[in-house]
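# A closer look at the structure
Listed below, chain by chain, are the residues.
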Amino acid sequence: QVQLVESGGGLVQAGGSLRLSCTSSGLTFSAYAMGWFRQVPGKEREFVAGITWGGGSEYYADSVKGRFTISRDNARNTVYLQMNSLKPEDTAVYYCAADWNPYDSSWPRHSDRNAYDYWGQGTQVTVSS
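Calculation rules
Residues numbered from 1 in each chain as written. Predicted model: local features only at pLDDT ≥ 70, side-chain atom pairs only at ≥ 80, totals over all residues. Heavy atoms only, no water. Pairing = 2+ DSSP bridges. Helix = DSSP H or I, 4+ residues; strand = E, 2+ residues; numbered from the N terminus. Axes fitted to C-alpha atoms, helices over the stretch in contact; angles between N-to-C directions. Disulfide = S-S within 2.5 Å. Buried < 20%, exposed > 50% of the residue type's maximum accessible area, 1.4 Å probe, protein only. Salt bridge = Lys/Arg side-chain N within 4 Å of Asp/Glu carboxyl O. Phe/Tyr/Trp six-rings, centres within 6.5 Å; stacked < 30°, edge-to-face > 60°. Contact = heavy atoms within 4.5 Å.

With that settled, consider the sheet that holds strand β3 (residues 18–25). Each strand in a sheet pairs with another by means of backbone hydrogen bonds, the pair being arranged parallel or else antiparallel. On the basis of which strands lie adjacent, the open sheet formed by 4 strands has the order β1-β3-β8-β7 and antiparallel pairing. Taken across any chain shown, the strands that pair with only one partner, and hence form the sheet edges, are β1 (3–7) and β7 (68–73). When strand polarity is set aside, the average angle formed by the axes of neighbouring strands in this sheet is 15°. Note: β1 against β3, 5 bridges, orientation antiparallel. Residue pairing for β3: V5 is matched across the bridge by T23.

So, on to the state of the cysteines. This structure, assessed with the given rule, holds 1 disulfide. Between the sulfur of C22 and that of C96 lies a disulfide, 1.9 Å long from S to S. Across the disulfide from C22 to C96, rotation about the S-S bond amounts to roughly 45°, and the bridge is consequently right-handed. Here C22 is found in strand β3, whereas its partner C96 is found in strand β9 (residues 92–100), with 74 residues between them in sequence. Using a relative accessible area of 0% as the deciding quantity, one classes C22 as buried.

With that out of the way, let us pick up the pattern of salt bridges. Scanning the model with the defined rule gives 7 salt bridges in all. Among the ionic pairs, D62 bridges to K65, the shortest N-O distance being 3.1 Å. Accessibility expressed as a relative area gives 66% for D62, which makes it exposed. Within this structure, R38, E46, R67 and D90 form a network of salt bridges that share partners.

Going through the model one piece at a time under the given rule, you end up with 7 aromatic pairs. Centroid distance F37 to Y116: 5.0 Å. Interplanar angle 90°. Geometry classified as edge-to-face. With a gap of 79 residues between them, F37 in strand β4 (residues 32–39) and Y116 in the loop between β9 and β10 (118–119) connect regions that are remote in the sequence. Considered together, F37 and Y116 belong to a single accessibility category, that of buried residues. Ring centres 6.0 Å apart and planes at 75° place the aromatic pair Y59 and W107 in the edge-to-face group. Of the two residues, Y59 sits in strand β6 (residues 58–60) while W107 sits in the loop between β9 and β10, which places them 48 residues apart along the sequence. For Y59, a relative accessible area of 18% gives the class buried.

Within the secondary structure, V125 is located in strand β11 (residues 123–128). On a C-alpha basis, the gap between V125 and R113 in space is 20 Å, while along the polypeptide they are 12 residues apart. In this structure, V125 is in contact with G9, G10, L18, L20, M83, D90, T91, A92 and Y94, ignoring residues within four places of it in sequence.

Written out as structure tokens, the structure is:
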């Protein structure tokens, strides 16, 4: 049984930082590209950041570029999202997701939520002004 478990969410003031973690089990983690998405009530789930299986390529939404950094540790089956300079508009439930993808240099579908095979349950991030 595949599980993706996010952690690290919470309440932070604007300008602060949080580090989200997503640990997987039940899949060959190094065979999957990993993504972070977020969702607020009444809106579609949107792509935030993604990383290929070996870390060869990273992708970011324009809204978080320069503030968020995605990384992974295949030995720990974990992907991270370091979020700095947080803004109130970053408030959302953050989800990690896994997409089987053997290519480390290219991942055209990284922002397509329908391409992902597995999802975590989400972790709430709230940024106060």
